[in-house]
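Spelled out from the first residue to the last, the chains are:
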Amino acid sequence: MSDDSGGHGGGQDDDHGAGGTAHETGDGAAHAPACGSCDDTGDEDAARTKRLVAAWRGARRKLSPCLQEATVGELLAPLADAPYDLDEPADVYGDGVVAALERRVAQLLGTEDAAFFPSGTMAQQVALRCWAGRTGNRAVALHPMSHPERWEGDALSAVSGLRAVHPTTEPRQPSPAEVAGVREPFGTLMLELPLRDAGFLLPTWEELGALVEAARAREAVVHFDGARLWESTVHFGRALADIAALADSVYVSFYKSLGGLSGAALAGPQDFVEETRVWRHRYGGQIFRQFPQALAALTGLERELPKLPAYVAQAREVASALREGFAQAGLPWFRIHPREPHTHQFQAWLPYDADRLTDAGLRQAEETGTVLFRRWAPAGPPDLAMTEVEVTEPGLSWTPEDVRAAAAAFAARL
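Residues numbered from 1 in each chain as written. Predicted model: local features only at pLDDT ≥ 70, side-chain atom pairs only at ≥ 80, totals over all residues. Heavy atoms only, no water.

Draft legend 1. Up close: the packing of helix H4 (residues 120–135) against helix H11 (residues 270–282). Interaxial distance between H4 and H11 falls to 9 Å at its minimum, and their mutual angle equals 120°. Judged by the inter-axis angle, H4 sits oblique to H11. Where H4 crosses over H11, the two elements pack in a sense that is right-handed. Along its contact with H4, which presents Met122, Val126, Ala127, Arg129, Cys130, Trp131 and Arg134, the element H11 presents Asp271, Phe272, Glu275, Thr276, Trp279 and Arg280. Classifying every residue of the contact of H4 with H11 by side-chain character gives seven nonpolar, one polar and five charged. (Axes fitted to C-alpha atoms, helices over the stretch in contact; angles between N-to-C directions. Helix = DSSP H or I, 4+ residues; strand = E, 2+ residues; numbered from the N terminus. Parallel < 35°, antiparallel > 145°, perpendicular 65-115°, else oblique. Left-handed = near helix turned anticlockwise from the far one by under 90°. Contact = heavy atoms within 4.5 Å. Nonpolar A, V, L, I, M, F, W, Y, C, P; charged D, E, K, R; others polar.)

Set out below in structure tokens:
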């Protein structure tokens, strides 16, 4: 009846703020787009989006968060209680609270320095460009489902003058043998940890070490796209500093898993980070004041970062209960991918039109006050759709029985 082993997919993503058909959602929902923040055209879609947001805001129980629900007041409220002396002078071009955030990130990742960037797209373009200059090789080995390849408007080549080579095209992390077997020299290996569009997939700790060694054997440097590195410690069984120590540089995001307003950081050796600050200025990222973003990031590091292991554990319980709920509902085919989530986010796949699934979730929210899924996106062949499930604070109170019951109520509306 059901088959939830294996399977893969790639939802759409633009979480670093570039290109494609989706824009920043930062909510872990199906980003083509789960929060209805984009990709809707025409009056019918606008009306549906209005209904969705109203249903989500009015729901009593929500499994996953959605940033589109937040009001300006709700986003600003935590800043008044931020873990920083609000009587300190505001930042000017990166000092003050921004510098404090940079020191905190470097401390957490165990690096010599870190630099704040207004967006992840800028941070990664700058990092890869700087490494290309240092290695003398403009080829970057990375996955074709990685963010620079899919959601940055070809900035890798158009802006930074770099060229991508792909160790694999399979919807998974590359293997060390594939990195070793790339047919041309490359200066940098970029690993997205986790690989979002393939299902938030991570290698094992042993595989990650072997991937790094394979790159070193090719005389290449290693850069981690760690937009969601914060929640990867559970899967690896290692501290953040141990993970970051494998790479030459690391990018992290402040709004995806930490609930910040926006912004990112590049971390690594001091001389490298100083060079990225020069390019940050050239790319237009030397902004007069950014204290709201910095305060929100510091708040997330204090309040959300310690909770991420609990979110990962709960996501695994939710994934198991969803499999059971779909099976009990008699759905003809489904996938929960990966079977055991590597982080607190994973994919759900069903053989129905995406709008039909989104509308079923909308009716469930309006009629029962329960939100199980957000938007669904077309994925692969016709009548196959995918959504992302992200478990954070709202999902911690859900029991397996709650998930199974909500899955049955959702299936009944298809």
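Draft legend 2. Structural context of the pattern of salt bridges. All chains considered together, the criterion is met by 23 salt bridges. Close ionic contact of Asp248 with Arg216 constitutes a salt bridge, the shortest N to O distance being 2.5 Å. Taken as a pair, Asp248 in the loop between helix H10 (240–244) and strand S7 (249–253) and Arg216 in helix H8 (residues 205–217) lie far apart in primary sequence, 32 residues in all. Since its relative accessible area comes to 32%, Arg216 is described here as partly exposed. Via salt bridges that share partners, Glu102, Asp113, Glu274, Arg277 and Arg280 belong to a single interconnected network. (Salt bridge = Lys/Arg side-chain N within 4 Å of Asp/Glu carboxyl O. Buried < 20%, exposed > 50% of the residue type's maximum accessible area, 1.4 Å probe, protein only.)

Draft legend 3. Empty space enclosed by the protein, seen in detail. In this structure the tally under the stated criterion is two cavities of 30 Å³ or more. There is about 70 Å³ of room inside the largest cavity. Classifying every residue of the lining of the largest cavity by side-chain character gives seven nonpolar, four polar and one charged. A volume near 40 Å³ is recorded for the second largest cavity. In terms of lining residues, the second largest cavity is bounded by Tyr93, Gly94, Val98, Phe116, Arg280, Gly285, Gln286, Ile287 and Gln290. Its residues placed into classes, the lining of the second largest cavity shows four nonpolar, four polar and one charged. (1 Å grid on protein atoms, 1.4 Å probe; cavity = no way out; pocket = protein on both sides within 12 Å on 5 of 7 lines; lining within 4 Å. Points joined across faces, edges and corners; volume = space filled by probe spheres on them.)

Draft legend 4. Summary view of the sheet that holds strand S13 (residues 385–390). Taken together, four strands build an open sheet; the order of strands is S9-S10-S13-S12 and the sheet is antiparallel. Pairing within the sheet leaves two strands with one partner each, and these edge strands are strand S9 (335–337) and strand S12 (377–378). Two strands pair when backbone bridges link them, and S9 and strand S10 (residues 345–350) are joined in this way by three bridges, in the antiparallel orientation. Bridged to Ile336 within S10 is Ala348. Each of S9, S10 and S13 touches helix H13 (residues 308–328); the most contacted strand, S10, lies at about 10° to it. (Pairing = 2+ DSSP bridges.)

Draft legend 5. Expanded view of the packing of aromatic side chains. According to the stated counting rule, one finds 10 aromatic pairs in the structure shown. Measuring from ring centre to ring centre gives 6.0 Å for Trp376 and Phe410, while their planes differ by 15°; the resulting arrangement is stacked. A residue pair is termed long-range when its members are at least 10 positions apart, and Trp376 in the loop between strand S11 (370–371) and S12 and Phe410 in helix H15 (residues 400–411) qualify at 34 residues. We note that Trp376, like Phe410, is buried. (Phe/Tyr/Trp six-rings, centres within 6.5 Å; stacked < 30°, edge-to-face > 60°.)

Draft legend 6. Layout of H13. Between its terminal C-alpha atoms H13 stretches 30 Å, which fits the 30 Å expected from 21 residues at 1.5 Å a residue. Looking only at H13, the buried set comprises Leu308, Tyr311, Val312, Gln314, Ala315, Val318, Ala319, Ala321, Leu322, Arg323, Gly325 and Phe326. Of the surrounding elements, those touching the buried residues of H13 are helix H9 (233–236), S9, S10, S13 and H15. One or two residues past the end of H13 sits Gly330, with phi positive at roughly 75°. (Expected span 1.5 Å × (residues − 1).)

Draft legend 7. Spotlight on the sheet that holds strand S4 (residues 163–165). Strand order in the open sheet formed by seven strands is S2-S8-S7-S6-S5-S3-S4, and the pairing between neighbours is mixed. Each having just a single partner strand, strand S2 (113–117) and S4 make up the two edges of the open sheet. This sheet shows a mean twist of 25° between the axes of neighbouring strands, independent of strand direction. Sheet topology places S2 next to strand S8 (residues 264–268); five bridges connect them, and they run antiparallel. Of the residues in S8, the one forming a bridge with Phe116 is Ala265. Where helix H3 (residues 97–109) meets the sheet, its contacts fall on S2, S7 and S8, and the angle it forms with S2 comes to roughly 130°. Contacting S2, S7 and S8, H11 crosses the sheet at an angle of about 20° to S2.

Draft legend 8. Broad picture of the nonpolar core. Formed by 52 residues in total, the largest nonpolar core has its most connected members in Leu101, Val105, Leu109, Phe186, Phe224, Trp230 and Phe254. Broken down by element, this core gets its largest block of residues, seven residues, from H3. Formed by 29 residues, the second largest nonpolar core is a distinct cluster that contains Ala321, Tyr352, Leu372 and Trp398. (Core = buried A, V, L, I, M, F, W, Y, C linked by side-chain atoms within 4.5 Å.)

It is worth stressing that arrangement in space is one thing and function is another; only the former is reported here.
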